[in-house]
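Tertiary structure, described
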Amino acid sequence: MASIGARFRGVLGSFRISPFAVWVGILGVILLVGVAAGLMVFIKGLSITNLNDLVPWGLWITMDLSSIALSAGAFLLCAAVYLLGLKQLQPVARTATFVGLIGYSMALLALIMDIGRPDRFWHSIIFWNTHSVMWEVTMCILLYFAVLILEAAPILGGAAWFRNRWPKLAGQLQTVHQWAPVLAIVGLFLSLLHQSSLGAAYGVLKARPIWYRPDMSVLFIASAIAAGPSLTVLISMIAARVSRKVHVDDRLLERVGSFIGWVLVVYLYFRFWDAFAMTYTYTPGRTEGLQLLTRGPLAFNFWVLEIVLGALVPIIILLRPKLRARQALRMVALALVVVGVVAYRWDTNLAGQLTVVTYLPSEIITRYTTYVPSPVEILSSAGVLAYGALAITLGVRYLNVVDHRTRETDIHVVAPAVALPASD
Amino acid sequence: MSEDTIGRRGFLKAAATGALAIAGLKVVRAARASEPEGSSPNSWGMVIDQRLCTGCGQCTLACRAHNDVNPEISWNRVIVAGEVDGKTVYLPRPCMHCEKPPCAEVCPVGATYHRPDGIIMMDYDKCIGCRYCEVACPYGARAFNWEAFTGPNPAVPEWGQPEVARRPRGVPEKCSFCYQRIDRGLGLGLHPGIDPEATPACVVACPVGARLFGNLNDPDSNVSQALAGSPHYRLREDLGTGPRVYYLPARKEA
């Protein structure tokens, strides 16, 4: 037996399969399975999901919201570099922009599966109900996706293999970089809008008392501001560990880490008062929704994933310089922030739907329902995740998206003149 | 001269601001999705008398036939609401056709809209199937087409003939107050609520006459008269949605 094992290892060794190839291979397989699941959704429709008329929004919406929240690093770091003038963060902003571009494309993939009529996705662009929060979110996401494509264009234009093959196009793509400050302003505006109003999409629904709170938008943007840079820094650190070609300036990443720690404090502060205020007096639906979180089926997610691991532990690690300086510990903290925000989106989405407020005249009572995603929902979501991981892996390898030694050659921190004649 | 340049720049700025302001105003004006466009002399409403309703469910069946509804979906559910004097009280629940419809306010593409006569309509050809309306409705009045409804409708022909097109897979559907009967009836000079051909199928089908339909704007209409004469309530009035469906409650015998 041992000899067979040895021979097998020998065969493997002769092929010289690199860890990179194994990683890409695994992601590729998950991606293929996900594509198959996604096709099944398109062919058979949403009846093969566990979504129903009581819980019409499930795992895909969580994917969608989480991807967008975790992409928030792009607008924040671009604003820091091009608006606040923190030029040294420019390489981190470059990573964040790429992660953001992939994140928003993941959100769009999850959405196209989630809507009942994917063939009519373009209706959301041409038919407007400007009163709808969802309309505003849709417009912002599409426009911001365009901004991210422009912001990421110089990354492609700067890649050596691309420059060698298409030097002229590469040059054109790189010139987009001179618009970085303008794009940063537009991106900041669009992101502040939709990152908050994704929370408001829940917050404006009077029919769902646990959602119907003005703080929803504040909590969504605060958690996104913590989680977005967390993912960017985490990816940078992982890339630097697994590849000798990736060079990072750890002091920069540490600085962003401490910023994340403070944002988490602010988020937890809002979160505390928001939840605490709801514990006073009985409100039908709201009280039950809160109980679902604090001692119901979502209690583990809420206390452990969202509050303790998602906020308290990272706050301690990221705000204590000695702990933060330890890279492994910092990576754990950043990963926990990511897990925490995903758990927050999942719990928020479910708390409002698992509690069904009746409309019977005698008394307003709350009934409970359940939701567990179906295999096809899980596999298709895994496919979207694998796509994201694959895209970022390839970006790190072939587009140098994590490289703190390079600086864009022609950084104009001052907004470029909009071709107006000088006044004198 | 610098003055000329500043002037031009100032003009451009002013023009841009003006254009933005006009666009903004247009957007704000269009933003009142909960308000109907145009006006109508009619304001359709329904009165359901819980003292009479026996919970037989014939309204649901007639609705399914006339609107060609999937047997797994009820536009008009009949719910057990409690007990009075040892007798079960039922609550039939169509779409409330709210004065301030949360569904129409949240629909990103405007597929759900408010007609001037008060009916909340669905444009099934516009809907993208995001289900925000379903999440927003406090009355559970909407049902999503998780799969296509194919094959024969078991309610047809016993309970009536389909009058509208079947909805495709992937869009939510709901009660429309049988707008097709109202619109066709008005065109023929009939009176919705009086002439059966112009009245919602559930009202016509009710064997005990527990449902009334008519124009709430007309003080002499049967619905206005019924409401003037008896105590009534609407579902979840605390939400401020302003339902157009009124209930006459079952009460203890004095």
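With that out of the way, let us pick up the overall build of chain B. When you go through chain B residue by residue, the secondary structure sums to seven helices and nine strands. Relative to its length of 254 residues, chain B is extended, with a C-alpha radius of gyration of 23 Å against a globular reference of 18 Å. A principal-axis box enclosing the C-alpha atoms of chain B has dimensions of 90 × 45 × 40 Å. Per-residue burial for chain B yields a buried fraction of 47% across its 254 residues. Across chain B, contacts joining residues at least 24 apart in sequence account for 61% of those joining residues at least 6 apart.

A few words on the sheet that holds strand S1 (residues 44-49) of chain B. All names here are of chain B. Overall, mixed pairing links the three strands, which are arranged S8-S1-S9 in an open sheet. Pairing within the sheet leaves two strands with one partner each, and these edge strands are strand S8 (211-215) and strand S9 (245-248). Within this sheet the neighbouring strands show an average axis-to-axis angle of 20 degrees, counted without direction. Note: S1 against S8, five bridges, orientation antiparallel. Paired with Met 46 across the bridge in S8 is Phe 213.

Moving on, we come to the packing of helix H5 (residues 90-114) of chain A against helix H11 (residues 215-242) of chain A. Residues and elements named next belong to chain A. Running from N to C, H5 and H11 point in directions that differ by 105 degrees, and their axes come no closer than 9 Å. Viewed along their axes, H5 and H11 adopt a mutual orientation that is roughly perpendicular. Only Leu 231, Thr 232, Ile 235 and Ser 236 of H11 make contact with H5, whose side of the interface consists of Val 92, Thr 95, Ala 96 and Val 99. By residue class, the composition of the contact of H5 with H11 is five nonpolar, three polar and no charged.

Attention shifts here to H5 of chain A. The first and last C-alpha atoms of H5 of chain A sit 36 Å apart over 25 residues, in line with the 36 Å expected at 1.5 Å per residue. Within H5 of chain A, 22 of the 25 residues are buried, leaving the element largely enclosed by the surrounding structure.

Here we come to H11 of chain A. In this model H11 of chain A runs 40 Å from its N-terminal to its C-terminal C-alpha over 28 residues, within 8% of the 40 Å that 1.5 Å per residue would give. Along H11 of chain A, 23 of the 28 residues are buried, which leaves the element largely enclosed by surrounding structure.

All right, on to the environment of Leu 205 of chain A then. Counting through the fold element by element, Leu 205 of chain A comes out in the loop between helix H10 (180-203) and H11. A count of 23 C-beta atoms within 10 Å places Leu 205 of chain A in the buried class. In this structure the C-alpha to C-alpha distance between Leu 205 of chain A and Gly 352 of chain A, which are 147 residues apart in sequence, comes to 9.7 Å. Aside from chain neighbours lying at most four places away, what touches Leu 205 of chain A is Trp 211 and Tyr 212 of chain A together with Val 135 and Ala 136 of chain B.

The next thing to look at is the pairing of strand S3 (residues 87-93) of chain B. Residue and element names in this part refer to chain B. For S3, the buried fraction is high: five of the seven residues fall into the buried class. Strand direction decides the pairing type here: strand S2 (residues 77-84) and S3, joined by seven bridges, are antiparallel. Residue pairing in the sheet places Glu 83 in a bridge with Thr 88 of S3. Joining the antiparallel neighbours S2 and S3 is a turn of two residues, in which Asp 85 adopts a positive phi near 55 degrees.

The next thing to look at is the domain arrangement of chain B. For an interface, size is often stated in terms of accessible area lost upon the parts coming together. Examined at the domain level, chain B breaks down into domain 1 (1-31) and domain 2 (36-248). Taking the mean C-alpha position of each, domain 1 of chain B and domain 2 of chain B sit 47 Å from one another.

Further remarks concern the nonpolar core. Residues and elements named next belong to chain A. Counting residues in hydrophobic clusters, the biggest one holds 192 residues, and the most contacted among them are Leu 77, Ala 227 and Val 337. For this core, the leading source of residues is H11, giving 16 residues. For Leu 77, the contacting residues outside a window of four places in its chain are Leu 89, Val 92, Ala 93, Ala 96, Pro 229 and Thr 232.

Across the contact, 34 residues belong to chain A and 43 residues belong to chain B. If you list the elements that add at least two residues to the side of chain A that touches chain B, you get helix H6 (123-126) and helix H7 (133-158) of chain A. In terms of residue count, the dominant contributor to the side of chain A that touches chain B is H7 of chain A (four residues). Among the residues making up the side of chain A that touches chain B, the classes are represented as 17 nonpolar, twelve polar and five charged.

Residues and elements named next belong to chain A. Interaxial distance between helix H4 (residues 73-82) and H5 falls to 8 Å at its minimum, and their mutual angle equals 155 degrees. What the angle tells us is that H4 and H5 run roughly antiparallel. For the crossing formed where H4 meets H5, the hand is left-handed. Contact residues: H4 offers Gly 73, Ala 74, Leu 77, Cys 78, Ala 80 and Val 81, while H5 offers Gln 90, Val 92, Ala 93, Ala 96, Thr 97, Val 99 and Gly 100. Residues of the contact of H4 with H5, tallied by class, amount to nine nonpolar, four polar and no charged.

On to the confidence of the model for chain A, then. When the pLDDT values of chain A are averaged, the result is 92; 92% of them are 70 or greater. Every residue in residues 409-424 of chain A is under pLDDT 50, and counting partners more than four places away or in other chains gives 20 contacts.

To continue, consider unusual backbone geometry. In the segment running from Val 156 of chain B into Pro 157 of chain B, the intervening peptide bond is cis, with an omega of 5 degrees. The topology assignment puts Pro 157 of chain B in the loop between strand S6 (143-144) and strand S7 (172-173). You will see that Thr 281 of chain A, though not glycine, has its phi angle at about 60 degrees, which is positive. Secondary-structure assignment places Thr 281 of chain A in the loop between helix H12 (250-278) and helix H13 (286-294). Its 8 C-beta neighbours within 10 Å are what place Thr 281 of chain A among the exposed residues. Its identity as a non-glycine residue notwithstanding, Arg 236 of chain B has a phi of 45 degrees, on the positive side.

Attention shifts here to the environment of Gly 18 of chain B. Mapped onto the elements, Gly 18 of chain B comes out in helix H1 (residues 2-30). Here the alpha-carbon distance between Gly 18 of chain B and Cys 127 of chain B, two residues 109 residues apart in the chain, equals 34 Å.

When you line up the elements, Ala 180 of chain A lands in helix H10. Sequence-distant contacts of Ala 180 of chain A, that is, excluding residues within four places in its chain, are made with Tyr 82 and Glu 151 of chain A.

Residue and element names in this part refer to chain B. Counting buried positions along S1 gives six out of six residues, so the element sits mostly inside the fold. Every second residue of S1 is oriented toward a common face, with Trp 44, Met 46 and Ile 48 on one face and Gly 45, Val 47 and Asp 49 on the other, all of them buried. Pairing of S1 with S9 involves four bridges; the strand directions are parallel. Bridge pairing in S9 links Val 47 to Tyr 246.

Calculation notes
Residues numbered from 1 in each chain as written. Chains lettered and ligands numbered in written order. Predicted model: local features only at pLDDT ≥ 70, side-chain atom pairs only at ≥ 80, totals over all residues. Helix = DSSP H or I, 4+ residues; strand = E, 2+ residues; numbered from the N terminus. Rg over C-alpha atoms; globule rule 2.2 N^0.38 Å. Buried ≥ 20, exposed ≤ 12 C-beta atoms within 10 Å, placed from the backbone. Contact = placed C-beta atoms within 7 Å. Pairing = 2+ DSSP bridges. Axes fitted to C-alpha atoms, helices over the stretch in contact; angles between N-to-C directions. Parallel < 35°, antiparallel > 145°, perpendicular 65-115°, else oblique. Nonpolar A, V, L, I, M, F, W, Y, C, P; charged D, E, K, R; others polar. Expected span 1.5 Å × (residues − 1). Domains from an automatic or database assignment. Core = buried A, V, L, I, M, F, W, Y, C linked by C-beta atoms within 7 Å. Left-handed = near helix turned anticlockwise from the far one by under 90°. pLDDT = per-residue confidence, 0-100.

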